[in-house]
Amino acid sequence: MQVYPEKYEQLELSVDEKSFLRTIERAFSEEEMAYFVLHINPRKKDYSAGKPELFNLLLINKGIILFRFINVSEVSPAITNVKALGNPIVYDMVVADITKRLEQSRYLTDGTNKLCFSLNVCFVLPKIESLQIMRAVTDDESEFCRNHLIFRDTIMKMRRDGSSIIKDYLKDSVELQEEIVDYVFQRLCPEITIPRKFILNEHCAVAGVNGDLENSDRAVKSYRLDSKQIDIINRIAKGNQLILACAGSGKSVLLISKCFKLASLNPAENFLITCYNRNLKNYYQWAIAQAGFSNINVQCSTFFGLCRQLLESSGLPVPFGKQNNSYYDGLFALVNKALAQNRIKNRYYGIFIDEVQIFRPEWYRFCFNLLKSKNADDHYFVIAGDKSQDIKNNIRHGKAPWQGGGSVYPEYRGKTLPIEINYRNSKPINDAIDSYVAASKQLALRLNIDLTSDPELFLRGTAYRSGNKPTLVELANFSNEGETNAIGDAIKNLIETKGLSEVDIAIILYNENAYTTSGWESSYYKLSPGIIQYFNRQGWEDPAFLKQGYDAGVTYGSRRGVTVTSIEGSLGLDFRAVVLAGLRPLGTHEKARLMEDFENLSFEQLTEKREAFRKNVNFLYTGCTRAKDELTIILSAPRGGSIYLDLLRDSMGGAVK
């Protein structure tokens with residue numbers, strides 16, 4: 001039997017629950033498939049006075065049982081509880097809510113979209129004997145007791161006779177197979193799973209909200225976190241925590257899963273997830289909807305979306321204007337002043353910030369000041385980031401946004417959570433990225449740039465999955481047509497040879513802009529039109545542009561074709577396959593593209609170019625680390641034409657034309 005979490009000391013299990021757990025473990029120790037998940041709140045309900053409606057979940061071949069403990073030791077209140085629970089209106093509503101949750105996965109239903117596995121919700125009275133209740137209830141209530149209550153003598157029988165006692169609480173039905181287990185978890189305890197987009201043949205929209213789901217929502221794939229990750233999620237100490245680890249370590253997964261767990265345990269409190277990247281926000285909103293938290297107690301928005309929402313909900317005017325850097329600076333100044341004047345009403349019991357390295361220090365401090373209580377014993381403030389993905393170049397002089405804020409703000413001493421496993425990248429891709437990082441540090445030394453003194457920069461994890469090495473594609477034709485054809489050919493190979501679906505693949509473009517560099521045959525540099533034309537010729541789904549400047553309304557949850565996004569827009573996301581392209585302009589704007597660009601400069605000029613080098617190295621690192629199984633890099637400048645593309649050539653192996 002597998003128990004989740006394995007380390008459950010921090011859960012507030014009663015003595016009776018611990019005893020019952022040991023009994024269950026002994027009874028099902030010989031079962032080929034048996035899972036027991038502690039303290040879940042599948043209905044996201046407040047039981048009373050802010051206390052969650054907690055169940056323990058048992059999954060076995062015969063079906064699904066949820067146990068809820070009733071903590072009474074006197075017969076009279078026990079009888080009152082049994083009569084209340086046995087009321088068909090009450091009990092049937094509980095079962096109907098849980099059944100509906102399960103029926104929102106197509107993998108758990110029959111041809112009529114009805115649950116095809118046996119389900120029972122049982123109430124455990126570990127201090128009460130069955131006869132003490134049976135004498136005082138009606139025939140109908142007695143029937144309810146036999147089918148849905150577990151008494152002290154029932155537990156004693158289980159200790160004597162084993163699993164058959166519990167199995168009798170399930171009707172004969174379709175057997176629950178191992179490959180279905182994760183879908184039950186995803187519907188009832190989403191905090192221990194990761195949802196993945198999966199496209200069916202049906203052409204239908206994605207709901208993205210609670211309630212009735214369309215077919216493509218119901219077909220979402222689900223993957224279980226490993227035991228270490230589940231233990232981390234359930235290590236739920238109050239206060240401040242920093243999750244600092246390499247790309248691919250599952251920081252974002254842990255962040256949202258921790259939020260889900262805490263939100264289910266504190267249904268009367270409000271929780272906030274915020275980030276900089278709109279695409280990551282869309283992924284979070286999609287995952288929140290899948291988990292059933294939409295419109296309940298989990299709010300998610302980008303940082304500037306949060307600023308607007310705070311002004312609106314507090315009845316304060318929201319500025320209008322072209323949404324450029326000066327607009328966002330003005331928006332933040334306005335909401336920050338309103339918060340200081342105590343005019344912002346919203347407060348949160350828990351705040352979770354992802355990709356915090358993108359945040360400016362003042363944004364980070366603003367989020368901390370939105371907590372309901374600044375007392376570390378009465379809030380959750382969890383941030384996740386990776387200094388190596390500072391593509392906004394906000395980490396200056398080695399100080400991250402969460403450092404140097406003064407004693408009022410968290411210092412994270414002893415509160416940093418390192419993760420040493422890379423869950424995303426296959427081992428060959430991870431090894432290639434390791435080689436790229438080492439080569440970047442060597443080149444940096446030649447340019448008198450220090451990339452080694454900060455131990456938190458370029459944290460690397462151990463990958464364990466097999467896979468293929470990255471493919472480097474040298475362009476024969478240095479033009480828009482040449483690069484877009486190379487991109488399209490790479491996609492075609494992934495679909496036709498590797499067997500990937502379009503939704504598994506992302507084209508990540510560093511940049512495309514009006515200007516170009518010497519040697520480019522096109523008069524401008526823009527790849528998106530050529531990508532669309534290639535897709536049309538192949539008869540593929542239209543690419544899903546998750547990029548600024550494209551207003552088709554496509555989001556992470558609604559995409560059906562190959563994703564096209566920027567490196568910045570890919571932060572926090574991953575894809576089975578990535579084609580990294582649009583790299584020719586890298587370093588052009590800052591004139592930090594060639595070795596000679598770093599020669600004969602003043603101290604001030606050299607400082608700026610060194611900062612540009614760090615940022616551009618981080619860009620490539622971020623783009624490469626999005627790929628799970630397949631990474632293709634389009635080299636759109638010849639050797640000597642870009643120090644960054646030469647870094648990739650020299651560190652990641654031979655190229656394929």
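Preceding this paragraph is the structure being described.
Reference entry: report on the structure contained in this document. (Residues numbered from 1 in each chain as written. Predicted model: local features only at pLDDT ≥ 70, side-chain atom pairs only at ≥ 80, totals over all residues. Heavy atoms only, no water.)

Here's the deal with the packing of aromatic side chains
Part 1: Under the definition given, this model contains 38 aromatic pairs.
Part 2: When the ring of Tyr-283 is compared with that of Tyr-556, the centres are 5.0 Å apart and the planes differ by 80 degrees; the resulting orientation is edge-to-face. Pair noted here: Tyr-283 is in helix H12 (residues 278–291) and Tyr-556 is in the loop between strand E21 (544–546) and strand E22 (563–566), with a separation of 273 residues, a long-range link.
Part 3: Classification of Tyr-283 as buried rests on a relative accessible area of 8%.
Part 4: Note on Tyr-327 and Tyr-328: the rings are 5.4 Å apart at their centroids and 75 degrees apart in plane angle, and the pair reads as edge-to-face.
Part 5: What makes Tyr-327 buried here is its relative accessible area of 9%.
Part 6: Joined through ring pairs, the aromatic side chains of Tyr-276, Phe-303, Phe-304, Tyr-327, Tyr-328, Phe-332, Phe-359, Trp-363 and Phe-366 make up one cluster.
Part 7: Sitting above the plane of the Tyr-47 ring, Arg-68 keeps its charged end 3.9 Å from the centroid. (Phe/Tyr/Trp six-rings, centres within 6.5 Å; stacked < 30°, edge-to-face > 60°. Helix = DSSP H or I, 4+ residues; strand = E, 2+ residues; numbered from the N terminus. Buried < 20%, exposed > 50% of the residue type's maximum accessible area, 1.4 Å probe, protein only. Lys NZ or Arg CZ within 6 Å of the ring centre and 35° of its normal.)

Notes on empty space enclosed by the protein
Part 1: For the structure shown, the criterion picks out 4 cavities of 30 Å³ or more.
Part 2: If you trace the largest cavity, you find it lined by Pro-190, Thr-193, Ile-194, Pro-195, Val-253, Ile-256, Ser-257, Phe-260, Tyr-283 and Ala-287.
Part 3: If you list the elements that add at least two residues to the lining of the largest cavity, you get strand E9 (193–196), helix H11 (251–265) and H12.
Part 4: If you tally residues by element for the lining of the largest cavity, the top one is H11, at 4 residues. (1 Å grid on protein atoms, 1.4 Å probe; cavity = no way out; pocket = protein on both sides within 12 Å on 5 of 7 lines; lining within 4 Å. Points joined across faces, edges and corners; volume = space filled by probe spheres on them.)

Some thoughts on the nonpolar core
Part 1: Leu-57, Phe-185, Phe-613, Ile-633 and Leu-648 are the most contacted members of the largest nonpolar core, which has 131 residues in total.
Part 2: If you look at the next biggest cluster of nonpolar residues, it comprises 36 residues, including Leu-244, Phe-359, Ala-400 and Trp-402. (Core = buried A, V, L, I, M, F, W, Y, C linked by side-chain atoms within 4.5 Å.)

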